[in-house]
Amino acid sequence: MSAHPDTFPAAPLRKLSRSFYDRGTVLVAQELLGTHLVRVEDGIERIGRIVEVEAYLGPHDLAAHSAKGVTARNRTMFGPPGHAYVYMIYGMHFCMNVVTEGAGHGSAVLLRALEPVRNIVGRTQGPGLLCKAMHIDRRLDGHDLLSDDLFIAPPEATVPRLRIARAKRIGVDYAGPWSQRLLRFYVKGSAFVSRR
DNA sequence: CTCCGGATTCGT
DNA sequence: CGAATCCGGAGT
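Residues numbered from 1 in each chain as written. Chains lettered and ligands numbered in written order. Predicted model: local features only at pLDDT ≥ 70, side-chain atom pairs only at ≥ 80, totals over all residues. Heavy atoms only, no water.

1. Considering the overall build of chain A
Step number 1: Secondary structure assignment for chain A yields three helices and eight strands.
Step number 2: For chain A, the succession of helices and strands along the chain, N to C, is α-α-β-β-β-β-β-α-β-β-β.
Step number 3: Projecting the C-alpha coordinates of chain A onto the three principal axes gives extents of approximately 60 × 35 × 35 Å.
Step number 4: A burial count over chain A gives 50% of its 196 residues as buried.
Step number 5: In chain A, once contacts between residues fewer than 6 apart in sequence are set aside, the share between residues at least 24 apart is 62%. (Helix = DSSP H or I, 4+ residues; strand = E, 2+ residues; numbered from the N terminus. Buried < 20%, exposed > 50% of the residue type's maximum accessible area, 1.4 Å probe, protein only. Contact = heavy atoms within 4.5 Å.)

Spelled out as structure tokens, the structure:
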């Protein structure tokens, strides 16, 4: 066998800490850009670099699922930070969020697009496509993001503020004034952002 | 119990 | 621009 370094077991990827998620949702959203979403299933490690997210700011945010208070669907959103909130939409797609701030807050960051890094089949631009490519479904709702099969690893290099674009969130026109807030963040110039 | 619509995607 | 497709939330 070759003596190439690749024949050694890979060092375990570092994980973002609980305290990373337990901060202001807008800040967490911006700092998630450039990080790596990691999904391990049947020994296969799929990795995508997060390039587009949206912040949902708790029950007073009329675009957020938490605006209706705690329900069967959104209870994960009201749980502790650093967990995955995964729900089904339009009867056929899944969307993944990262729960932020303290338990009871009802805030989260929606993951909207990835740049494929490793073992990605299919497109990853758009929340539904992202979940499909990463094999993420409702069974992962409430899953701890400090686990070994679903977590987020730090960025290779922090995305500079100048490289981050702000825009209105997509698909929330029903939310009145909240639909106008610039709570969508993406890496400027990335070819993997869902819409431009 | 019924009814409605959605943090989407795809094909026309 | 409309269909797909199903579940949760709201109303009767």
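2. A few points about the pairing of strand β2 (residues 44-57)
Step number 1: Burial analysis of β2 places eleven of its 14 residues in the buried class, the great majority of the element.
Step number 2: Where strand β1 (residues 36-41) and β2 come together, six bridges link them in antiparallel fashion. In the strand pairing of β2, V40 is matched with E45.
Step number 3: Between the antiparallel neighbours β1 and β2 lie two residues, among them D42 with a positive phi of about 50 degrees. (Pairing = 2+ DSSP bridges.)

3. Considering helix α3 (residues 127-134)
Step number 1: With six of eight residues buried, α3 lies mostly within the body of the structure.
Step number 2: Every buried residue of α3 is listed here: P127, G128, L130, C131, A133 and M134.
Step number 3: Of the surrounding secondary structure, the elements contacted by the buried residues of α3 are β1, β2, β4 (93-100) and β5 (107-118).
Step number 4: Positive backbone phi, approximately 60 degrees, marks H135, located one or two places after α3.

4. Overview of the environment of R138
Step number 1: Checked against the element boundaries, R138 lands in the loop between α3 and β6 (150-153).
Step number 2: Relative accessible area serves as the criterion here: at 36%, R138 is assigned to the partly exposed category.
Step number 3: Once the C-alpha coordinates of R138 and V99 are considered, the two residues, 39 residues apart in sequence, prove to be 15 Å apart.
Step number 4: Not counting residues within four places of it along the chain, the set of residues in contact with R138 comprises A72, R73, V86, Y87, M88 and F94.

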